[in-house]
Amino acid sequence: MKTKIFKVLAASLFLLLPLTSTVHAAKGDKEAKPANLADVWIIVAKRGQEAQFEKSFKEHIVFREKQGDPKKWQTYTPTIGDNLNFYVVRHCCTKWEDADSYAKWNRKNKINEHWNKHTDQYVASYSHYFTRVDFANSYWPEDDDKFKYFAVNSYKTKIGAGRTIEATKKQLSDHAKAMKWPYPWSWGTQIGGESKISLVIPYENYAGMTPPDVSFFEALAKHIGDKKKADKLFKQWAKSFEDITYTVYRKRDDMSMKE
């Protein structure tokens, strides 16, 4: 049961991290329709075989690179929690129409055959999801290579709360941008599995996770000029969800493809 819970959590967390180039396409050209789908696999390694899995995974990544994989897969692992033996492997971003050509490339280069022969034996289970990245309401810096840790809030949405969530998310994001909130963030909506949205905050290190002297609520209340209005907005946001979870992930450069 714990493994299943953490797989679902992981899927909702790291599907949404955007690539810088895609963010700039969304901001810089109103006519452009940038790829906004993150493709993510959640891989749970067999207990006691994590080392063998990682060794074989790295070899498989080299094989993909030699074959000219058009997707630059990045890998993340959880740093907090009571189940740490899974891996989030993702590429951002793509479009639905790219899926067919990628499947053709996969078959032509016998990618699955290589994986099944060398790596599958160390895997307990897989999950596969997409997430639609909300570039319009996100704020991601141009220089994102420095970030190695990612704190994530995952929100399980209530049935029928979609419109309220989108409207409130836009309000909160617009206020954050207007008051020049200094911390980056990214929103995404999970496609597949439970109905969830996620908020990712990147950090260079653990020290950067120290809470700011002025909280977002305090800054928002000052920006709006009315603490009661800020409180109402927060309550409106909170009542739209059945559950909220939080965790931190670390990017594994040693298990990621060169971008």
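Residues numbered from 1 in each chain as written. Predicted model: local features only at pLDDT ≥ 70, side-chain atom pairs only at ≥ 80, totals over all residues. Heavy atoms only, no water.

Engineer: Whenever I open this one, the state of the cysteines confuses me. Can you help?
Structural biologist: For the structure shown, the criterion picks out one disulfide. With a sulfur-sulfur separation of 1.8 Å, Cys92 is cross-linked through a disulfide to Cys93. Among the residues examined, Cys92 registers a relative accessible area of 2% and is labelled buried. (Disulfide = S-S within 2.5 Å. Buried < 20%, exposed > 50% of the residue type's maximum accessible area, 1.4 Å probe, protein only.)

Engineer: Could you clarify how one ought to interpret the pairing of strand β4 (residues 123–139) in this entry?
Structural biologist: Sheet topology places strand β1 (residues 37–45) next to β4; nine bridges connect them, and they run antiparallel. Note on β4: the bridge partner recorded for Ile43 is Tyr126. For β4 and strand β6 (residues 185–191), the ladder comprises six bridges, and the chain directions are antiparallel. Residue Val133 lies in a different strand from β6, and its bridge partner there is Gly188. (Pairing = 2+ DSSP bridges. Helix = DSSP H or I, 4+ residues; strand = E, 2+ residues; numbered from the N terminus.)

Engineer: When you look at a positive patch on the surface in this model, what are you seeing that I'm missing?
Structural biologist: A cluster of basic side chains, namely Lys158, Lys229, Lys232 and Lys239, defines a positive patch on the protein surface. By the element assignment, Lys239 lies in the loop between α8 (227–238) and β8 (241–251). (Patch = residues over 30% accessible without salt bridge, like charges linked within 9 Å, V, L, I, M, F, W, Y side chains within 5 Å. Areas by Shrake-Rupley, 256 points an atom, 1.4 Å probe, with all protein chains shown as cover. Salt bridge = Lys/Arg side-chain N within 4 Å of Asp/Glu carboxyl O. Lys, Arg positive; Asp, Glu negative; His and termini not counted. Charge placed at Lys NZ, Arg CZ, Asp CG, Glu CD.)

Engineer: I keep staring at unusual backbone geometry and nothing clicks. Help me out?
Structural biologist: Peptide bonds are mostly trans, and most non-glycine residues show a negative phi. Cis peptide bonds are those with omega within 30 degrees of zero, and the linkage from Cys92 to Cys93 qualifies with 10°. Structurally, Cys93 can be placed in strand β3 (residues 86–94). Of note in this structure, Lys180 is not a glycine but carries a positive phi near 55°.

Engineer: What exactly am I supposed to notice about a negative patch on the surface here?
Structural biologist: The grouping of Glu142, Asp143, Asp145 and Glu204 at the surface amounts to a negative patch. With respect to the helices and strands, the residue Glu142 is situated in the loop between β4 and β5 (149–157).

Engineer: Whenever I open this one, the sheet that holds β5 confuses me. Can you help?
Structural biologist: Strand pairing in a sheet relies on backbone hydrogen bonds, with the paired strands running either antiparallel or parallel. Taken together, eight strands build a closed barrel; the order of strands is β1-β3-β2-β8-β5-β7-β6-β4 and the barrel is antiparallel. Pairs of neighbouring strands in the sheet enclose a mean axial angle of 35°, with direction left out of account. Contacts between helix α6 (residues 162–178) and the sheet are confined to β4, β5, β6, β7 (196–203) and β8, with β4 contributing the most and set at about 60° to the helix. (Axes fitted to C-alpha atoms, helices over the stretch in contact; angles between N-to-C directions. Contact = heavy atoms within 4.5 Å.)

Engineer: Explain the pattern of salt bridges here, please?
Structural biologist: Opposite charge on two side chains makes pairing possible when the charged atoms of those side chains draw close. Counted by the stated rule, this structure contains 15 salt bridges. Across the salt bridge formed by Arg252 and Glu54, the nearest N and O atoms sit 2.8 Å from each other. Highlighted residues: Arg252 in the segment after β8 and Glu54 in helix α3 (residues 50–66), separated in sequence by 198 residues. Taking the relative accessible area as the measure of exposure, Glu54 reaches 18% and is therefore buried. Asp253 is paired through a salt bridge with Lys148; the nearest N and O atoms lie 2.9 Å apart.

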